[in-house]
Amino acid sequence: MTMATDPGVTRDDHEPEPIKAVPLRRPGRWLAAVLILVLVGLFLYGAATNPAYRWDVYWQYLRDTRIASGAVVTLELTVLAMVIAVALGTTLAVMRLSPNPVLRATAWVYLWIFRGTPVYVQLVFWGLVPSLYQHVALGVPFGLGLNEAAYMAEIVRAGINSVGEGQREASTALGMSWSQTMRRTVLPQAMRVIIPPTGNELISMLKTTALVTAIPLSTDLFGRARDIYGVNFLPIPLLLVTATWYLAITSVLMVGQYYLEKYYSRGISRKLTAKQLQELADAQGEARAK
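From a predicted model like this one, the values you see are computed outputs, not experimental measurements. (Residues numbered from 1 in each chain as written. Predicted model: local features only at pLDDT ≥ 70, side-chain atom pairs only at ≥ 80, totals over all residues. Heavy atoms only, no water.)

Once that is clear, we can look at the overall build of the chain. Helix and strand counts for the chain come out as 12 helices and 2 strands. Ordering the α and β elements of the chain from the N terminus gives β-β-α-α-α-α-α-α-α-α-α-α-α-α. Sorting the 290 residues of the chain into buried and exposed places 29% on the buried side. (Helix = DSSP H or I, 4+ residues; strand = E, 2+ residues; numbered from the N terminus. Buried < 20%, exposed > 50% of the residue type's maximum accessible area, 1.4 Å probe, protein only.)

Rendered as structure tokens:
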């Protein structure tokens, strides 16, 4: 039996009434948004009209070749340090998970030392190494990479532990050794867990390079800006220039991290296309008709 709700429209007696969803009113959200916009507008207006910011100096040095060359040095330090950190950190993570107790203990002591001391202190120490060993000279990327490797080791270890035990058992059943299992089965699958925090560490390393003043090194981005405002005594616009360059580089790195995460997340969450959704709906309609 059917009953008419509208002319030409019939509805089954057992079909529930359509729900009329009424969105909740949230005046607090609008009030908070307006308040934030007002505060941001006041800050921007104050910054634009405050002569102490010296925006003319800011625009003058934003494209200065010395600042640009410092940004290049900062990028070089970041990339080299992260290459060292990823390679050494992966090795340490595998050592910590190794059945060999000597390797596990060695990796644990390394992490204990480098995670337990400030990176600034470590950079000062590595800068003084030539005074202890005259024939040994360690570069800045090496010092930064040694410190970062301790954190990368924990990131890689977490990624390895995220891979199901069944994957390792299947590799063992195929005759793979422990090292082959790690290299061919576990690490490739762990990448989707390792990549996001590694991207964050890369951005963090970009900013940590400013600590190379401990050596001292004045050819990086912050060092160049410091040398300039040490002469013209205008630190505020030069620090704003430095922050702008860091933000620009960080934004590019974040875009690269997004696409890298997307690449390694393929197959994790599969979304249907519009055509597939339409075919699925048609198939369900035919099933109900039968």
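Quick look at the packing of aromatic side chains now. Taken as a whole and assessed by the stated rule, the structure comprises 8 aromatic pairs. Between Tyr53 and Trp55 the ring centres are 5.5 Å apart and the planes differ by 10°, which places this aromatic pair in the stacked class. Given a relative accessible area of 22%, Tyr53 falls into the partly exposed group. Given a relative accessible area of 29%, Trp55 falls into the partly exposed group. A connected cluster of aromatic rings, assembled from ring pairs, spans Tyr53, Trp55, Tyr58 and Trp59. (Phe/Tyr/Trp six-rings, centres within 6.5 Å; stacked < 30°, edge-to-face > 60°.)

Core analysis: the largest hydrophobic core is formed by 22 residues, its most contacted members being Leu144, Met152, Val156 and Ile160. Those elements that place two or more of their residues in this core are helix 3 (65-96), helix 5 (119-127), helix 7 (140-161) and helix 9 (178-208). (Core = buried A, V, L, I, M, F, W, Y, C linked by side-chain atoms within 4.5 Å.)

For the rest of this paragraph, the subject is unusual backbone geometry. Among all residues save glycine, negative phi is the norm, and among peptide bonds the norm is trans. If you check the backbone angles, Arg54 has positive phi at about 50° while not being a glycine. With respect to the secondary-structure elements, Arg54 resides in the loop between helix 1 (27-49) and helix 2 (55-62). In this structure, Phe233 is a non-glycine residue whose phi angle is positive, near 55°.

Take the UniProt feature "transmembrane region" (unreviewed entry) in the chain next. In the numbering adopted here, UniProt assigns the feature "transmembrane region" (unreviewed entry) to residues 30-48, 68-95, 107-129 and 236-260. Summarising residues 68-95: 100% helix, 0% strand, and an end-to-end C-alpha distance of 40 Å. (UniProt positions renumbered as here; feature names shortened; annotations may be inferred.)

Following both chains from N to C, one finds helix 3 and helix 10 (residues 221-232) inclined at 150°, their axes separated by 7 Å at the closest point. The orientation of helix 3 relative to helix 10 falls into the category roughly antiparallel. Two secondary-structure elements touch here, helix 3 through Arg66, Ile67, Ser69, Gly70, Ala71 and Thr74 and helix 10 through Leu221, Arg224, Ala225 and Ile228. Its residues assigned to classes, the contact of helix 3 with helix 10 shows 5 nonpolar, 3 polar and 2 charged. (Axes fitted to C-alpha atoms, helices over the stretch in contact; angles between N-to-C directions. Parallel < 35°, antiparallel > 145°, perpendicular 65-115°, else oblique. Contact = heavy atoms within 4.5 Å. Nonpolar A, V, L, I, M, F, W, Y, C, P; charged D, E, K, R; others polar.)

What follows covers the environment of Leu260. Its place among the elements puts Leu260 in helix 11 (residues 235-264). Judged by relative accessible area, which is 38%, Leu260 ranks as partly exposed. Taking the C-alpha atoms as reference points, Leu260 and Gly199, separated by 61 residues in sequence, lie 9.1 Å from one another.

Turning next to the side chain of Thr209. Structurally, the position occupied by Thr209 is in the loop between helix 9 and helix 10. The class of Thr209 is buried, set by a relative accessible area of 0%. A polar contact of 2.5 Å, which involves the side chain of Thr209, links it to the backbone oxygen of Leu206. Setting aside chain neighbours within four positions, we find Thr209 in contact with Thr74, Leu77, Thr78, Leu144, Asp220 and Tyr246. (Polar contact = N/O pair within 3.5 Å; in protein donor to acceptor, adjacent residues only side chain to side chain.)

Together, Val34, Leu35, Val38, Leu39 and Leu42 make up a nonpolar patch on the protein surface, roughly 480 Å² of accessible area in all. Structurally, Leu35 can be placed in helix 1. (Patch = residues over 30% accessible without salt bridge, like charges linked within 9 Å, V, L, I, M, F, W, Y side chains within 5 Å. Areas by Shrake-Rupley, 256 points an atom, 1.4 Å probe, with all protein chains shown as cover. Salt bridge = Lys/Arg side-chain N within 4 Å of Asp/Glu carboxyl O.)

Okay, the pattern of salt bridges next. Applying the stated criterion across every chain, the model contains 5 salt bridges. One salt bridge connects Asp56 with Arg54, and the closest N-O pair in it is separated by 3.2 Å. Owing to a relative accessible area of 49%, Asp56 belongs among the partly exposed residues under this scheme. Taking the relative accessible area as the measure of exposure, Arg54 reaches 32% and is therefore partly exposed. Notably, a salt bridge pairs Glu154 with Arg157, separated by 2.9 Å at the nearest N-O pair.

What follows is about the packing of helix 4 (residues 101-116) against helix 7. Helix 7 packs onto helix 4 with a crossing angle of 120° between their chain directions and a minimal axis gap of 9 Å. As summarised for this structure, helix 4 and helix 7 are arranged oblique, according to the angle between their axes. Between helix 4 and helix 7 lies a crossing whose hand is left-handed. Here helix 4 contributes Tyr110, Leu111, Phe114 and Arg115 to the contact with helix 7, which in turn contributes Leu146, Asn147, Ala149, Ala150, Tyr151, Ala153 and Glu154. (Left-handed = near helix turned anticlockwise from the far one by under 90°.)

Turning our attention to helix 3. Look at helix 3: 46 Å from first C-alpha to last across 32 residues, which is about the 46 Å you get at 1.5 Å a residue. Where helix 3 begins, the side chain of Asp64 points an oxygen toward the backbone nitrogen of Arg66, at a separation of 2.8 Å. (Expected span 1.5 Å × (residues − 1).)

It is worth spelling out helix 7 at this point. Relative to the 32 Å expected for 22 residues at 1.5 Å per residue, helix 7 spans 32 Å between its end C-alpha atoms, a close match to the ideal helical length. At Ala149, helix 7 shows its largest kink, close to 30°. (Bend = angle between axes of the 7 residues up to and from the residue.)

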